[in-house]
Amino acid sequence: MISKYVESASSFAGDIDHLIWLVTVIVGFWFFLAEGVLFYFILRYTAQDGVKGQYITGEDPKQKRWVAWPHYLTLLFDVWIIIAAITVWQHVKQAMPQADSTVRIIAQQWAWTFVHPGPDGKLDTPDDIKLVDELHVEKGKTYHFELQSRDVLHSFSVPVFRLKQDAIPGRTIRGWFKATMAGGFDIQCTEICGIGHALMPARILIENHEDQAAWVMSKSPAAAATGGTP
Amino acid sequence: MYRMKKSHAPALAGLIFIMPLVSACHPDGARPTLSGAELYDSSCKQCHGATGQGQLGITTPAIAGQAAWYVEGQLVKFRTGVRGAHPEDYDGLRMRPMSQQLMNVAEVKAVSAYVATLKPRKQPTTLQGGDATAGAGHYGVCLACHGPDGKGNELLKAPSLVGQHDWYLFSQLKKFKAGVRGKHPKDLTGGQMQPMSMTLVDDQAIKNVLAHISTLSK
């Protein structure tokens, strides 16, 4: 249902959506139930002429049930949410599937630099492709990313992937994603990082195999030398 | 003592729900026209300082007293990605989104005119080991565009070097030499500066010429 409003473009987006939906339904159920009981009591027991207020000590088991039963049920639902959350966390953040390729993501005030492997498929070689505010990935490929920050805390967020990961200066944080839908989507910084925080959007361009291969070749040193691309 | 009537309770509950929404409304959506000073105050002051002297701590240059045509030209370059879009240009990448806060050409012109009214100041020397006498010789190449007094030349689109921090000029010369600045095909003046920077063969030559430029800032 969430993907009706924000497209779902990664292999684990559905897991995150399911978790959000589960929490929303459980919390929503208890919220509306509690509010309903609260307003019912407000109306039912509004002060009336000739009726003296009663002081409730909380010792009567019949009255305590109104607190105790919801309490036990809430704990039960909490355990349900925690188990679901840990399962998703393990899948998305802890387990690292085998990578087909690796990209480096460097955050700074207020831009993103994306380092893509060149035709050799490896980072830290002369054919690396460095782009500002533009990340190119191939649909169906599993990517590892190395997230770094040049200055302050940032957070790399791709809403269509349901991916969000803090970038911390001095550390390289590794994660993964697998794009499942071709197209161009937003990348945001979701950690307040200074006066220009709102002004550091970027784009992720998810391409099929042929387009990705053509793009990599167009950015290769040989293509640049022949003036193929700026 | 006040006792709430039963019939008032739903109305009160509704009011409590509506009130936060009312506070979120803003009846006047019109954007006021900002002056150059107001624009500077909201967008530039935090990094370049109230008097436009720049800050070493966050590596922002002095812009006080820089000619309006130059400030405007650089802002346009930043806004259009001609400058400050290279992956290795850390400071330029910070300036680019800031320049894009200006909404239109009128705001660019207004803030540029304001910056030109700020008074330049002689900046303290931070680079050691520069030989001003040797640098005077190197400056012969710079002199053609930036002038013997270092105050720039509008016809040649060369900015003033007077009142600028030596560490900033050093970093920019290094960027020009490395192709981090002045490499964009549409950066005509940057493209002119790039080969000029190559005449300074090493860091010592850069320090020498900066030592000479600091003698002009009087």
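Structural data are supplied above this passage.
Calculation rules
Residues numbered from 1 in each chain as written. Chains lettered and ligands numbered in written order. Predicted model: local features only at pLDDT ≥ 70, side-chain atom pairs only at ≥ 80, totals over all residues. Heavy atoms only, no water. Contact = heavy atoms within 4.5 Å. Buried area = accessible area lost by both parts, 1.4 Å probe. Salt bridge = Lys/Arg side-chain N within 4 Å of Asp/Glu carboxyl O. Polar contact = N/O pair within 3.5 Å; in protein donor to acceptor, adjacent residues only side chain to side chain. Helix = DSSP H or I, 4+ residues; strand = E, 2+ residues; numbered from the N terminus. Nonpolar A, V, L, I, M, F, W, Y, C, P; charged D, E, K, R; others polar. Pairing = 2+ DSSP bridges. Axes fitted to C-alpha atoms, helices over the stretch in contact; angles between N-to-C directions. Patch = residues over 30% accessible without salt bridge, like charges linked within 9 Å, V, L, I, M, F, W, Y side chains within 5 Å. Areas by Shrake-Rupley, 256 points an atom, 1.4 Å probe, with all protein chains shown as cover.

1. A short note on the interface of chain A and chain B
(1) Moving on: Across the contact, 20 residues belong to chain A and 19 residues belong to chain B.
(2) Moving on: When the two sides are added together, the surface that chain A and chain B hide from each other amounts to roughly 1700 Å², 64% of it contributed by carbon and sulfur.
(3) Moving on: Its largest share of buried area at the contact with chain B, chain A owes to W110(A), I195(A) and L199(A), together 28% of the area lost on that side.
(4) Moving on: Inspection of the chain A/chain B interface yields 3 salt bridges.
(5) Moving on: Where chain A touches chain B, the interface holds 5 residue pairs in polar contact (both at pLDDT 80 or more).
(6) Moving on: Of all the secondary structure elements, the ones that give two or more residues to the side of chain A that touches chain B are α1 (13-44), β2 (111-116) and β3 (129-132) of chain A.
(7) Moving on: Sorting elements by how many residues they give to the side of chain A that touches chain B places α1(A) first, with 3 residues.
(8) Moving on: Along the lines of polarity and charge, the residues of the side of chain A that touches chain B split into 9 nonpolar, 6 polar and 5 charged.

2. Here we look at the sheet that holds strand β9 (residues 183-189) of chain A
All names here are of chain A.
(1) Moving on: The mixed open sheet is built from 5 strands, whose spatial order is β4-β10-β9-β6-β7. In this open sheet, the two strands that pair with only one neighbour each are β4 (134-138) and β7 (163-167). Averaged over all neighbouring strand pairs, the angle between strand axes comes to 25 degrees, with direction disregarded.
(2) Moving on: As paired strands, strand β6 (residues 154-158) and β9 are joined by 2 bridges and run antiparallel to one another. By the bridge assignment, S157 is partnered in β9 with Q188.
(3) Moving on: Packed onto the sheet, helix α3 (residues 209-218) meets β4 and β10 (202-207) and runs at close to 130 degrees relative to β4.

3. Overview of the side chain of K77(B)
(1) Moving on: For K77(B), the position within the fold is in helix α3 (residues 68-79).
(2) Moving on: Once residues lying within four places of it in the same chain are set aside, the contact partners of K77(B) are V82(B), R83(B), D187(B), T189(B) and G190(B).

4. Observations regarding a nonpolar patch on the surface
(1) Moving on: Residues M1(A), Y5(A), V6(A), W21(A) and V25(A) make up a contiguous nonpolar surface patch of about 570 Å² in total accessible area.
(2) Moving on: One can find M1(A) in the segment before α1.

The analysis is restricted to geometry; functional conclusions fall outside its scope.
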